[in-house]
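Next come the chains, spelled out residue by residue.
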Amino acid sequence: MFKISENVRRLTNKEKIQYENDGYITGLPVFSDDTQDDLNNLFISLSSRLDASIDLNQTNMWHKASLTFYNLCRTPTILDYVEDLLGPNFFQWGGQFFLKEPKDGSVVPWHQDAQYWPLSPAKSVTVWLALYDTDEQNAAMKVVKGSHNDGMFKHHTNKASNLVLDQEVSNDQINKEDIISLNLKAGEISLHDDGLLHGSEANNSDRRRCGITMRFAPVSVKADLSIWPHFETQLARGIDIYKNNPIAEIPRGEGTPVKKFQYSKEFVNQW
Ligand SMILES: O=C(O)CCC(=O)C(=O)O
């Protein structure tokens, strides 16, 4: 799709062990330095399809709606990194933007993804692709190193309007010495485990901050459809030997999600 970085590679054994111990890997090259305009254009072309009344952060399922987004998620380099963690057979089940415009005040509270997701076993890997350079000034995602090994933390509901998610872990449960900022150049990715504590502060800089998340899981993972009836998968690599979940159609054009959960069939008329 876009020009691939000359530095792409497979994960080293050291990195795989780091992922097991720390719950994340960061700074992995995917797209080359000169794709910044392409990544910006991708953001503009997809996000501008949304009506101004809809918050981009409250839409999901872009991989089921948009062929452009789907193809981005099929970048072989990205799938190679994920395969190095999940093995040969895995599907994609989620795809969304995490946007913070300069000074928009939005905050992603500390949380563990697995707390939100009715998936078992909890084995999803999230790819966070930086569309723009992302650092502490423009509110890069932060993680609590190793927290995925500490079980489920207590989450409470917080409906504050600036929070992108409504379940949060209180600050007193966070070990501050283990907080790491996942600073990325545009075109790089991080990978994180679904048990890892993470979140991000407000963007007080003058620079946009936006990442695309892609959620992948081994084909053995099964969703509880009584909680998430819209859950559907798209095989990303290998074979779906379990056939545990409904299958999403592959987009044939450019559809646009308007809320968090939608069936792939809802986009068919938009293609
Ligand atoms: O982009 C962020 O700040 C948070 C992303 C996130 O919560 C996730 O990828 O699960």
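All of the points below concern the structure found in this document. Everything quoted here is computed from the prediction, not taken from an experiment.

Helix and strand counts for the protein come out as six helices and 14 strands. For a compact globule of 271 residues, the expected C-alpha radius of gyration is about 18 Å, and the protein comes in at 17 Å, within 12% of that figure. Projected onto the principal axes, the alpha-carbon positions of the protein cover approximately 45 × 40 × 40 Å. The 271 residues of the protein split such that 40% are buried.

Turning our eyes to something else, we now look at the nonpolar core. By size, the foremost hydrophobic cluster in this structure holds 55 residues, and its most contacted members are Val82, Phe90, Val127, Leu129, Ile189, Leu191 and Phe216. If we skip the residues at most four places from it in the chain, Phe90 touches Val82, Phe216, Ala217, Pro218, Val219, Ala236, Arg237 and Gly238.

Another aspect to go through is the site of the ligand. All residues adjacent to the ligand are Phe98, Val108, Asp113, Thr126, Trp128, Met141, His198, Ser200, Gly211 and Thr213. At the level of secondary structure, the elements contributing two or more residues to the shell around the ligand comprise strand S5 (125-130), strand S11 (197-200) and strand S12 (209-218). Counted by class, the shell around the ligand contains four nonpolar, five polar and one charged residues.

Judged by pairing direction, the sheet is antiparallel, and its six strands sit side by side in the order S1-S10-S5-S12-S2-S14 without closing on themselves. Two strands bound the open sheet, and with one partner strand each, they are strand S1 (24-29) and strand S14 (234-237). Taking each pair of neighbouring strands and ignoring which way they run, the sheet shows an average axis angle of 35°. When strand S2 (residues 90-100) meets S14, the two strands line up antiparallel, connected through three bridges. Each residue of the ladder has a partner; that of Phe91, found in S14, is Leu235. Helix-sheet contacts for helix H1 (residues 13-22) involve S1 and strand S10 (188-193), and the interaxial angle to S1 is about 140°.

The next thing to look at is unusual backbone geometry. At the junction of Ser120 and Pro121, the peptide bond is cis and its omega measures out at -5° in the coordinates. Among the secondary structure elements, Pro121 is positioned in the loop between strand S4 (119-120) and S5. Despite not being glycine, Met61 has its phi angle at roughly 70°, a positive value. Tracing the backbone shows Met61 in the loop between helix H2 (36-47) and helix H3 (62-65). A tally of 27 C-beta atoms within 10 Å means that Met61 is categorised as buried. One non-glycine residue with positive phi stands out, namely Ala139, at about 70°. By the element assignment, Ala139 lies in the loop between S5 and strand S6 (142-144).

This part takes up the environment of Leu197. Inspection of the secondary structure puts Leu197 in strand S11. Between the C-alpha atom of Leu197 and that of Ile179, which follows or precedes it by 18 residues, the distance is 9.4 Å.

Attention now goes to the pairing of S11. Burial of S11 is two-sided: the residues Leu197 and Gly199 facing one way and the residues His198 and Ser200 facing the other way are all buried. With three bridges joining them, strand S3 (residues 108-112) and S11 adopt antiparallel strand pairing. Within the sheet, the bridge partner assigned to Val108 lies in S11 and is Ser200. With two bridges joining them, S6 and S11 adopt antiparallel strand pairing. If you follow Lys142 over to S11, its bridge partner there is Gly199.

Procedures and definitions
- Residues numbered from 1 in each chain as written.
- Predicted model: local features only at pLDDT ≥ 70, side-chain atom pairs only at ≥ 80, totals over all residues.
- Helix = DSSP H or I, 4+ residues; strand = E, 2+ residues; numbered from the N terminus.
- Rg over C-alpha atoms; globule rule 2.2 N^0.38 Å.
- Buried ≥ 20, exposed ≤ 12 C-beta atoms within 10 Å, placed from the backbone.
- Core = buried A, V, L, I, M, F, W, Y, C linked by C-beta atoms within 7 Å.
- Contact = placed C-beta atoms within 7 Å.
- Near = placed C-beta within 6 Å.
- Nonpolar A, V, L, I, M, F, W, Y, C, P; charged D, E, K, R; others polar.
- Pairing = 2+ DSSP bridges.
- Axes fitted to C-alpha atoms, helices over the stretch in contact; angles between N-to-C directions.

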